[in-house]
Amino acid sequence: MENNQNGILEELHRSARQDKFQGHDYYNIDELLETEHLLARDAVREWVKKEVSPIIEYYAEKAEYPRHLVKGLAEIGAFGPSIPAKYGGGGMDEIAYGLMMQELERGDSGVRSAASVQGSLVMYPIYRYATEEQKMKYLPKLANGEFIGCFGLTEPDHGSNPAGMITNIKDDGDAYILNGSKMWITNSPIADVAVVWAKDEEGKIRGMVVEAGTPGFSAPEIHGKWSLRASITGELVFEDVRVPKSQVFPEIRGLRGPLSCLSKARYGIAWGAIGAAMDCYDSALRYSLEREQFGKPIGGFQLTQKKLAEMITEITKAQLLAWRLGTLANKGKASPAQISMAKRNNVNMALEIAREARQIHGGMGITNEYPVMRHMMNLETVLTYEGTHDIHLLITGMDVTGLNAFK
Ligand code: TGC
Ligand code: FAD
């Protein structure tokens, strides 16, 4: 089985077209970055060219998670770039973290998702809320890819409104008994550990680490996705799962626990979406200069130039937004509402660019010869998860008016 897999990988690498992507920096934003940022970005860019680009269309088409990438993701430091080195993280700043997510999503949103979930939604809550013993038990293994983690917040009937969750824990001496289910959980079918959010007997939301293999725990895969096909998604089902009290985060109570993790992940997505947008723009620009109709390159027609000019304008605005958000985050001053604005704007920007880029590629744009259709389909998920496009709009609306449209 493994030999067969290695054979397929070798063949994919041998037959792959060269990935000619180059970054786009219309406003010389690189001048605002430090050497550490540029090194981190360029290292991930090279890794994506070598390891992701040759194989990603194959895995997306088969709707299979390229699990062999986990080791490489760990080696380039994609799991917890801003978690302190003491726990196996990269010890880097928020801008380096953002740029790494940008480059991973340039390859594929699913690959960035794998890093977001592991680093921001599993390692971060353990780092921030768990006991020292739990930190030492889980973080190094998550950082080096020995363990895969998942994050269970969404439920079948509580997506945008996680406060309504019904998954619950009941006190049973030295343990809690966990019951309920979670839906749409990235990596759940292959996870070794799950960070799970559930209500206690007072109705307060608590967080805990549940190990796969615990009796009563199962994680069936969700099939039939037309988006994020190179990422694995499933449910989490808990039937009288006994969770030792030492596995429950001791202090944190309420929705701000999971939402603080989402802030970290949404921040990464604000950068990641720029990567997908740049890949679509890069491909469309190149194609527009090569493809001729009516005796000249289609890039010479005003309507194509309008599309390309608008794309690079929107990418540049998104880059500036992300960079400024990164400088605020480095000072601990990026508010959740500011993060919402960037996640919403940049993901929508990327989706619009993917759609325009698809048009520039004409019929070829719907094939796996080019990355745009795959990015476009992926971005439909990115627009929805970690808070939908409209939920983030309402968060901005609440922030500027002081009036809560949710209640
Ligand atoms: P609300 O009353 O507004 O807030 C409850 C408490 O949370 C605090 N808070 C935050 N804290 C940290 N970071 C944030 N972003 C925060 N937002 C709010 C707030 O201050 C309050 O604290 P306290 O101490 O006063 O209790 O809560 P609400 O129930 O009215 O909900 C507000 C709403 C709708 C914005 C929130 O529920 C929301 O964001 N909904 C969207 C749900 C969501 O994003 N789900 C994502 C699931 S995970 C996922 O999609 C992973 S994809 C993984 C991959 O990349 O593959
Ligand atoms: P709903 O909340 O039912 O929303 C449906 C529509 O109603 C949306 O358009 C929404 O904007 C709109 N709507 C809802 N409330 C309002 C309102 N008050 N005003 C106006 N419009 C509103 N979750 C996890 O916990 N962990 C994961 O790892 C994870 N990974 C995911 C991976 C994938 C591939 C996908 C698709 C989802 C994942 N999610 C995960 C779940 C994701 O966060 C939810 O899908 C998302 O929060 C939306 O919830 P929902 O799908 O239930 O939609």
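Note that this is a predicted model, so its numbers are computed, not measured.

1. So, the pattern of salt bridges
Counted under the stated rule, the structure contains 27 salt bridges. Here D19 makes a salt bridge to R106, at a shortest N to O gap of 2.7 Å. Here the residue D19 occupies a position in the loop between α1 (2-15) and α2 (35-52), and R106 occupies one in helix α5 (residues 94-107), the gap between them amounting to 87 residues. Among the residues examined, D19 registers a relative accessible area of 16% and is labelled buried. E103 serves as the salt-bridge partner of R45, at 2.9 Å between the closest nitrogen and oxygen. In this pair, R45 sits in helix α2 while E103 sits in helix α5, placing the two residues 58 residues apart along the sequence. As far as the burial class goes, R45 and E103 line up, both buried.

2. So, the site of ligand 2
Looking at ligand 2, there are 18 residues lining it, with F151, T154, S160, W184 and T388 nearest. In this structure, an oxygen atom belonging to ligand 2 sits 2.6 Å away from a side-chain N or O atom of S160. At 3.0 Å, a side-chain N or O of T186 approaches a nitrogen atom of ligand 2. Alone, ligand 2 offers 980 Å² of accessible surface; in the complex the protein occludes 66% of this. Using a 2 Å cut-off from the grid points, one finds that ligand 2 occupies the largest pocket. For the shell around ligand 2, the elements supplying multiple residues, two or more each, are β3 (175-186) and α12 (389-401). Residue composition of the shell around ligand 2, grouped by class: 9 nonpolar, 7 polar and 2 charged. Each of domain 2 (149-247) and domain 3 (256-401) gives at least three residues to the shell around ligand 2.

3. Regarding unusual backbone geometry
Peptide bonds are mostly trans, and most non-glycine residues show a negative phi. Look at A63: it is not a glycine, yet its phi comes out positive at around 55°. Along the polypeptide, A63 turns up in the loop between α3 (56-62) and α4 (69-75). With a relative accessible area of 38%, A63 lands in the partly exposed category. Even without glycine at this site, D240 takes up a positive phi of about 50°. By secondary structure assignment, the location of D240 is in strand β7 (residues 233-244). Given the relative accessible area of 54%, D240 is considered exposed.

4. Notes on the pairing of β7
Pairing between β3 and β7: 9 bridges, direction antiparallel. Bridge pairing links I177 to R242 in β7. Sheet analysis places strand β6 (residues 217-218) next to β7, joined by 2 bridges and oriented antiparallel. By the bridge assignment, F217 is partnered in β7 with F238.

5. Structural notes on the packing of aromatic side chains
Counted according to the given criterion, the structure contains 10 aromatic pairs. Through pairs of rings, three or more aromatic residues link up here, namely Y129, F151, W197 and F249. The ring of Y370 carries R17 above its face, with NZ or CZ at 5.3 Å from the centroid. In this structure, K245 packs its charged tip against the face of Y176, placed 5.2 Å from the ring centre.

6. A few points about the domain arrangement of the chain
The assigned domain composition of the chain is domain 1 (2-143), domain 2 (149-247) and domain 3 (256-401). Look at where the C-alpha atoms of domain 1 and domain 3 centre, and you get two points 19 Å apart. Buried area between domain 1 and domain 3, summed over both chains or domains, comes out near 3,400 Å², and the portion from carbon and sulfur atoms is 59%. At the junction of domain 1 with domain 3, the criterion picks out 5 salt bridges. A salt bridge links R17 to E369; the shortest N-O distance between them is 3.8 Å. Scanning the region where domain 1 abuts domain 3 turns up 20 residue pairs in polar contact (both at pLDDT 80 or more). Here the side of domain 1 that touches domain 3 is built from residues that sort into 16 nonpolar, 11 polar and 11 charged.

7. Brief notes about the layout of surface pockets
Over the atoms a probe the size of a water molecule is rolled, and this reveals where empty space is left. By volume, the largest pocket is sized at about 1,200 Å³. Forming the walls of the largest pocket are 40 residues, and the residues nearest its centre are G159, L262, R266, E386 and G387. Contributions of two or more residues to the lining of the largest pocket are made by α6 (109-129), β3, α8 (256-290), α10 (336-360) and α12. It is α6 that contributes the most residues to the lining of the largest pocket, 5 residues altogether. Residues belonging to the lining of the largest pocket are distributed by class as follows: 19 nonpolar, 16 polar and 5 charged. Roughly 720 Å³ of internal volume is contained in the second largest pocket.

8. Concerning the packing of helix α9 (residues 302-330) against α10
Helix packing for two helices is described by the angle between their axes and how far apart those axes are. Contact pair α9 / α10: the axes reach a minimum separation of 10 Å and the direction vectors enclose 160°. For the element pair α9 / α10, the angle class is roughly antiparallel. Relative to α10, the crossing made by α9 is left-handed. Of the residues in α10, those in contact with T304, K307, L308, M311, E314, I315, A318, L321, A322, L325 and L328 of α9 are Q338, I339, A342, N345, N346, M349, I353, E356, A357, Q359 and I360. A breakdown of the residues in the contact of α9 with α10 according to their chemical character gives 14 nonpolar, 5 polar and 3 charged.

The rules behind these values
- Residues numbered from 1 in each chain as written.
- Chains lettered and ligands numbered in written order.
- Predicted model: local features only at pLDDT ≥ 70, side-chain atom pairs only at ≥ 80, totals over all residues.
- Heavy atoms only, no water.
- Salt bridge = Lys/Arg side-chain N within 4 Å of Asp/Glu carboxyl O.
- Helix = DSSP H or I, 4+ residues; strand = E, 2+ residues; numbered from the N terminus.
- Buried < 20%, exposed > 50% of the residue type's maximum accessible area, 1.4 Å probe, protein only.
- Near = heavy atom within 4 Å.
- Polar contact = N/O pair within 3.5 Å; in protein donor to acceptor, adjacent residues only side chain to side chain.
- Areas by Shrake-Rupley, 256 points an atom, 1.4 Å probe, with all protein chains shown as cover.
- 1 Å grid on protein atoms, 1.4 Å probe; cavity = no way out; pocket = protein on both sides within 12 Å on 5 of 7 lines; lining within 4 Å.
- Sits in = over half its atoms within 2 Å of the grid points.
- Nonpolar A, V, L, I, M, F, W, Y, C, P; charged D, E, K, R; others polar.
- Domains from an automatic or database assignment.
- Pairing = 2+ DSSP bridges.
- Phe/Tyr/Trp six-rings, centres within 6.5 Å; stacked < 30°, edge-to-face > 60°.
- Lys NZ or Arg CZ within 6 Å of the ring centre and 35° of its normal.
- Buried area = accessible area lost by both parts, 1.4 Å probe.
- Points joined across faces, edges and corners; volume = space filled by probe spheres on them.
- Axes fitted to C-alpha atoms, helices over the stretch in contact; angles between N-to-C directions.
- Parallel < 35°, antiparallel > 145°, perpendicular 65-115°, else oblique.
- Left-handed = near helix turned anticlockwise from the far one by under 90°.
- Contact = heavy atoms within 4.5 Å.

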